[in-house]
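# Structural overview for review
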Amino acid sequence: MKLTPIFAASMLALGLAAPASASEGERIQITGEIIDTWCYFSGVMGGPDAVVGSAHHTCALWCSAGGIPVGLLGEDGEVYMVLKIEGDDQNASGDTNLNLASHEITADGMLYKRDGLNYLVVEKVVTDHGITNLNHEDYGVVPGFAIPEPKK
Amino acid sequence: MIKPVLALLALCSPALADQSPLPFDLGGAFELVDQTGTARTQADPQGHPQLLFFGYANCREICSAALPMMAQVADAVAEQGITVTPVMITVDPARDTVDNLGPALAQHHEDFIGLTGTAAQLQVAYDAYQIETEEVFTDPEYGPVYAHGSFLYLLDAQGKLLTLVPPVITPEAAAGIVAKYTQGQS
C-alpha cells in the first residue's frame, strides 16, 4: 500500500504503527572520538579542542564513571550521543565506555535523530584506533586537577 | 471527510513527526514515597508533565549538573505558561531518606519531588527505565559514589515517556525540547 503524505501524517498523529522507514533509525558506520559530553558541551573545563584527546583523558574517565553520558565526536564535527555501546548495558561508566574513553573508533550501529539531536546505538566497534589525538603535548592535563595531588 | 483529516494533521506537530522514535521501550508503573512520606506513582497528582531523573542528593558528579538544570528548565518553561514537575528517584536510598530528600532537593527548586522506597519498589522503577546502578568508589569526604543512568526523561502527567533529554545540553535547549512536547498539557 502506498501511503499518501496526508494519510501517513494522520497515522503518525494517531500513534499508529507505520511501515518501516528512514525515520525509524538509520544504519551508519561512523568514525570519531569517544568524548566526555559534559565537558565538551559546557565549556567549563576549556575550549572544545582542549576537552578531547589525551589532554582530557583522565577527566573523561572520571566523568564517565560518574554517570555522564559519552558521545562520539564524528569526523563530520557532529556529536552523536551514545545510548548504548557494544558490551555495555549503560550509557556511561560501563567497562567498554571506560576502555574507549578518548579513543578514536569506527562504529557500526543505528542512528536516531530526535529533537534536533543525534542518538547512536553502537552495535559493533569495528575498529579501535586507540587515543590518536595527542593534544596533551599542547594543553597538558585538562583540567589539571583531574589527576589529584597525592596526600602528604 | 476533510475535517477529520485536518484535525488529525493539527494534532501532528511537524516538529514531532519528523524524527525517529525511541529505539527502546522505556517507562512504566511504579509506586514510591515522596519527601513528605506520601505515596506517589508515575502519574503526577497535580496533572503536570514531569522531568524525571535517577540520581542521589549527595551526588557530586552528574547530578550536580542535572539537578540544577532540571530546576532551570522548570523555570524556563514556566515563563511560557507550562508547569513541569522535576522529579528525582534516588539510587542511594540509604542516604536519601524521606527526611533527607526534601531539604537537599529544595536547594535546587521548591517544586522538586524526591522519591524513595524499599529496594523492591525502587527496582521496579529502575527496571522500567533500564537503570543500572553500581557503587564505583568511596569519596573520603562525601561517601559512596554511584554510577547510574543519567538521561532525563520527559513524562506526561500520566507518567508516559515522551522523550529523552541529555543532561549535558544547555538549559535553554532542554527547555525548548520540553516545551515542544508539553505545550498545552499543564
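Residues numbered from 1 in each chain as written. Chains lettered and ligands numbered in written order. Predicted model: local features only at pLDDT ≥ 70, side-chain atom pairs only at ≥ 80, totals over all residues. Heavy atoms only, no water.

## Remarks on the sheet that holds strand β2 (residues 70-74) of chain A
All names here are of chain A. Strand order in the closed barrel made by the five strands is β1-β2-β3-β5-β4, with mixed pairing throughout. Direction aside, the axes of adjacent strands within the sheet are offset by 55° on average. In the sheet, strand β4 (residues 104-114) pairs with strand β5 (residues 117-128) via 10 bridges, with the strands oriented antiparallel. Counted as the bridge partner of Asp-108 is Lys-124 from β5. (Pairing = 2+ DSSP bridges. Helix = DSSP H or I, 4+ residues; strand = E, 2+ residues; numbered from the N terminus. Axes fitted to C-alpha atoms, helices over the stretch in contact; angles between N-to-C directions.)

## Structural notes on a negative patch on the surface
Taken together, the side chains of Asp-75, Glu-79, Glu-110 and Asp-111 of chain B make up a negatively charged region of the molecular surface. In this fold, Asp-111 of chain B is placed in the loop between α4 (98-106) and β5 (113-116). (Patch = residues over 30% accessible without salt bridge, like charges linked within 9 Å, V, L, I, M, F, W, Y side chains within 5 Å. Areas by Shrake-Rupley, 256 points an atom, 1.4 Å probe, with all protein chains shown as cover. Salt bridge = Lys/Arg side-chain N within 4 Å of Asp/Glu carboxyl O. Lys, Arg positive; Asp, Glu negative; His and termini not counted. Charge placed at Lys NZ, Arg CZ, Asp CG, Glu CD.)

## Topic: helix α6 (residues 171-182) of chain B
Residue and element names in this part refer to chain B. Here α6 is 12 residues long and its end C-alpha atoms lie 16 Å apart, about the 16 Å a rise of 1.5 Å per residue gives. All of the buried residues along α6 are Ala-174, Ala-175, Ile-177, Val-178, Ala-179, Tyr-181 and Thr-182. Looking one or two residues past α6, Gly-184 carries a phi angle of roughly 85°, positive in sign. (Expected span 1.5 Å × (residues − 1). Buried < 20%, exposed > 50% of the residue type's maximum accessible area, 1.4 Å probe, protein only.)

## A word on the sheet that holds strand β3 (residues 50-55) of chain B
Residue and element names in this part refer to chain B. Spatially, β2-β1-β5-β4-β3-β8-β9 is the arrangement adopted by the seven strands of the open sheet, whose pairing is mixed. The open sheet has two free edges, formed respectively by β2 (39-41) and β9 (161-165), since each of these has just one partner strand. Across the sheet, the mean angle from the axis of one strand to that of its neighbour is 35°, orientation sign disregarded. Alignment of strand β4 (residues 85-90) against β5, held across three bridges, turns out to be parallel. Considered in β5, the bridge of Ile-89 is made with Leu-115. Sheet strands in contact with helix α3 (residues 63-78) are β3, β4, β8 (152-155) and β9, and its direction is about 170° off that of β3. Each of β3, β8 and β9 is contacted by α6, which is oriented at about 170° to β9, the strand it contacts most. (Contact = heavy atoms within 4.5 Å.)

## A few points about the pairing of strand β1 (residues 31-34) of chain B
Residue and element names in this part refer to chain B. Bridging between β1 and β2 involves three bridges; their strand directions are antiparallel. When the bridges of β2 are listed, Glu-31 appears paired with Thr-41. Hairpin connection, β1 to β2: the antiparallel pair is bridged by four residues, and Gly-37 has positive phi, about 90°. Pairing of β1 with β5 involves two bridges; the strand directions are antiparallel. What sits directly across from Val-33, in β5, is Thr-116.

## Some points on the nonpolar core
In this structure, Leu-51, Phe-54, Ile-89, Tyr-129 and Tyr-153 of chain B are the most contacted members of the largest nonpolar core, which totals 71 residues. Here this core takes seven residues from α3 of chain B, the largest share from any one element. Counting 15 residues, the second-largest nonpolar core is a separate cluster that includes Val-70, Tyr-80, Leu-120 and Val-122 of chain A. (Core = buried A, V, L, I, M, F, W, Y, C linked by side-chain atoms within 4.5 Å.)

## Things to note about the packing of aromatic side chains
In total, this model carries six aromatic pairs over all chains according to the counting rule given. Ring centres of Tyr-40 of chain A and Phe-41 of chain A lie 5.8 Å apart, and the angle between their planes is 80°; on these two criteria the pair is classed as edge-to-face. Look at Phe-41 of chain A and you get partly exposed, because its relative accessible area is 35%. On the numbers, 6.2 Å between centres and 55° between planes, the contact of Tyr-119 of chain A with Phe-151 of chain B is tilted. Note that Tyr-119 of chain A is positioned in strand β5 and Phe-151 of chain B in the loop between β7 (143-147) and β8, a pairing that runs across two chains. Both residues of the pair, Tyr-119 of chain A and Phe-151 of chain B, count as buried. A network of ring pairs unites the aromatic residues Phe-54, Tyr-126, Tyr-129 and Tyr-153 of chain B as a single cluster. (Phe/Tyr/Trp six-rings, centres within 6.5 Å; stacked < 30°, edge-to-face > 60°.)

## Some points on the UniProt feature "binding site: Cu cation" (unreviewed entry) in chain B
All names here are of chain B. Those residues carrying the UniProt feature "binding site: Cu cation" (unreviewed entry) are Cys-59, Cys-63 and His-148 in this numbering. Mapping Cys-59 onto the fold places it in the loop between β3 and α3. On the basis of relative accessibility, which here comes to 6%, the residue Cys-59 falls in the buried class. Positionally, Cys-63 belongs in helix α3. Taking the relative accessible area as the measure of exposure, Cys-63 reaches 0% and is therefore buried. (UniProt positions renumbered as here; feature names shortened; annotations may be inferred.)

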